[in-house]
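A closer look at the structure
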Amino acid sequence: MNHLMTGLNGLSNRHTLPVGIYALTSELHSQGRSNIEVASEIVASGVPILQYREKSKKVREMYEECLVLRAMTQQYGALFIINDHLDLALAVGADGVHIGQDDLPLSKVRELVGHDLLIGVSTHSPAQALAAVSGGADYIGVGPLFATKTKIDVCDPVGLDYLDYVVKNLDIPFVAIGGIKEHNLAEVIQAGARTVALVTEIVGNPDIMSKIKRLQFIMEHNTQL
């Protein structure tokens, strides 16, 4: 199936989910560097999607960071997604917002943001994926595929079986996420993922650009056409 639509739910072509690395911020895991320092290296490396995810900062601080990141992603032509905070996404003109199962319902988020923003929904099971599709999500997160310590409240790993289900049964763009590292990335790509989220594997590396080049090489050389 074609998971890379030229337009999502009637949105313009700029609102598509690109193939490649979907990078997330996590200042806690960034080896003392700021989100802005890390993000500058990420987008300069050609990463097509950056998600801002912070759990402990004050809203004003997040807003000021997101203003800088919005300008940065526009400069490099990358999508800018904000996790959870749809008010921030609207305030800074982000390309989308990503919500979890315990956040505001998808229908309410769509009512609030309209069709100007992409809405991504984290899913951990076929039932959740089907609900997201029927509810009009623009893309879904599929995972966590492997164990991860990036999030405190993360559910148990769902494994590659769930990824296989999505690949074979659903025609919606998706991002594979959760515990994905350089050593298991090829396995995820070979299972059918084309857009892959990585957090600590990128932000925790002292040489972010070199790490991203290695990850991009793995993705390019393991895609099944």
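Residues numbered from 1 in each chain as written. Predicted model: local features only at pLDDT ≥ 70, side-chain atom pairs only at ≥ 80, totals over all residues. Heavy atoms only, no water.

With respect to the side chain of Thr-123
Looking at where Thr-123 falls in the secondary structure, it is placed in strand β5 (residues 118-123). Exposure remark for Thr-123: the relative accessible area of 0% places this residue in the buried category. Polar side-chain contacts of Thr-123 include one of 2.5 Å to the side chain of Tyr-162. In this structure, Thr-123 is in contact with Gln-101, Gln-128, Ala-129, Ala-132, Ile-140, Gly-141, Val-142, Gly-143 and Tyr-162, ignoring residues within four places of it in sequence. (Helix = DSSP H or I, 4+ residues; strand = E, 2+ residues; numbered from the N terminus. Buried < 20%, exposed > 50% of the residue type's maximum accessible area, 1.4 Å probe, protein only. Polar contact = N/O pair within 3.5 Å; in protein donor to acceptor, adjacent residues only side chain to side chain. Contact = heavy atoms within 4.5 Å.)

A closer look at the pattern of salt bridges
Across all of its chains, the model carries 12 salt bridges by this definition. Note that Lys-57 and Glu-65 form a salt bridge whose closest N and O atoms lie 2.6 Å from each other. Across the pair, Glu-65 and Lys-57 agree in class, each one buried. Three or more residues are tied together by salt bridges with common partners; here these are Glu-27, Lys-57, Glu-61 and Glu-65. (Salt bridge = Lys/Arg side-chain N within 4 Å of Asp/Glu carboxyl O.)

A short note on the pairing of strand β8 (residues 195-198)
Where burial is concerned, the two faces of β8 agree: the one with Thr-195 and Ala-197 and the one with Val-196 and Leu-198 are both buried. As judged from the four bridges shared by strand β1 (residues 20-24) and β8, these two strands associate in the parallel manner. Bridge assignment links Ala-23 to a residue of β8, and that residue is Leu-198. (Pairing = 2+ DSSP bridges.)

Regarding the packing of helix α1 (residues 35-44) against helix α9 (residues 208-222)
Any two packed helices are characterised by how steeply their axes cross, that is the angle between the axes, and by the distance between the axes. Closest axis-to-axis distance for the α1/α9 pair is 9 Å, and the angle between their directions is 40°. Regarding the angle of α1 to α9, the classification is oblique. Relative to α9, α1 is oriented so that their crossing is right-handed. Residue-level inspection shows Val-38, Glu-41, Ile-42 and Ala-44 of α1 in contact with α9, the latter providing Ile-208, Met-209 and Ile-212. (Axes fitted to C-alpha atoms, helices over the stretch in contact; angles between N-to-C directions. Parallel < 35°, antiparallel > 145°, perpendicular 65-115°, else oblique. Left-handed = near helix turned anticlockwise from the far one by under 90°.)

Brief notes about the nonpolar core
Grouped together as the largest cluster of nonpolar side chains are 57 residues, with contacts concentrated most on Ile-21, Ile-42, Phe-80, Ile-82, Ile-140, Val-196 and Ile-202. Counting residues per element, this core draws most heavily on α9, at five residues. Once residues lying within four places of it in the same chain are set aside, the contact partners of Ile-42 are Ala-23, Val-47, Leu-50, Ile-202, Val-203, Ile-208 and Ile-212. Judged by nonpolar contacts, the second largest core, of 11 residues, contains Leu-17, Leu-24, Leu-118 and Val-175. (Core = buried A, V, L, I, M, F, W, Y, C linked by side-chain atoms within 4.5 Å.)

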